[in-house]
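Here's the letter readout for the chains.
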Amino acid sequence: MSETRIRGYHAHVYFDASSIGQARALCEAACARFALKMGRMHEKLVGPHPQWSCQLAMRAELFGEVIPWLMLHRGELVVLVHPITGNDLVDHRDHAFWLGAAQLLDLSTLSDEPLIFEL
């Protein structure tokens, strides 16, 4: 049995029209504090996400600093956190967790084919 390696993590910050400012401020503050990559502020549904979202990508060794910080600073925003192992479907379906209320993802948009991600 081969061991799955976690290459990094994504934190998807969910927002809507009324909370976009709060989400942008959170994501920008996280990037100013930690060595993260901030994706676009998607004001539409993207991939499996049921709300507008912004992705924060981090190296695996930052998990212990970034996730507790997000826990304390997210306010009412919901954040999906998942590892990057190379299998998008498994990462989102089986290994993800939520800061805030869990949402129903559209898993039909994801593949369980191995993927390579750069952080």
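Preceding this paragraph is the structure being described.
Quick caveat: nothing in here was measured; it's all calculated off a predicted structure.

> I'd like a description of the overall build of the protein, backed by residues and values.
When you go through the protein residue by residue, the secondary structure sums to 3 helices and 5 strands. Secondary structure elements of the protein occur, N-terminal to C-terminal, as β-α-β-β-α-β-α-β. In terms of overall dimensions, the protein has C-alpha extents of about 45 × 30 × 20 Å along its principal axes. With 119 residues in all, the protein has 41% of them scored as buried. A fraction of 65% describes how many contacts in the protein between residues 6 or more apart in sequence connect residues 24 or more apart. Just so you have it, the protein exposes about 6800 Å², and 52% of that area is on carbon and sulfur atoms.

> Residues and numbers for the environment of R59, please.
Among the secondary structure elements, R59 is positioned in strand β3 (residues 52-59). In this structure, the C-alpha to C-alpha distance between R59 and H42, residues 17 residues apart in sequence, is 22 Å. Of note is the side chain of R59, whose polar atom sits 2.8 Å from the side chain of E61.

> Outline the sheet that holds strand β4 (residues 79-84), listing residues and values.
Pairing in this open sheet of 5 strands is antiparallel, and the strands run β2-β3-β1-β4-β5 from one edge to the other. At either end of the open sheet lies a strand with only one pairing partner, and these are β2 (37-38) and β5 (97-99). Helix α1 (residues 20-33) rests against β1 (8-15), β2 and β3 of the sheet, and its axis sits at about 155° to β1.

Scoring rules and cut-offs
- Residues numbered from 1 in each chain as written.
- Predicted model: local features only at pLDDT ≥ 70, side-chain atom pairs only at ≥ 80, totals over all residues.
- Heavy atoms only, no water.
- Helix = DSSP H or I, 4+ residues; strand = E, 2+ residues; numbered from the N terminus.
- Buried < 20%, exposed > 50% of the residue type's maximum accessible area, 1.4 Å probe, protein only.
- Contact = heavy atoms within 4.5 Å.
- Areas by Shrake-Rupley, 256 points an atom, 1.4 Å probe, with all protein chains shown as cover.
- Polar contact = N/O pair within 3.5 Å; in protein donor to acceptor, adjacent residues only side chain to side chain.
- Pairing = 2+ DSSP bridges.
- Axes fitted to C-alpha atoms, helices over the stretch in contact; angles between N-to-C directions.

Scope: geometric values only; no functional claims are made or implied.
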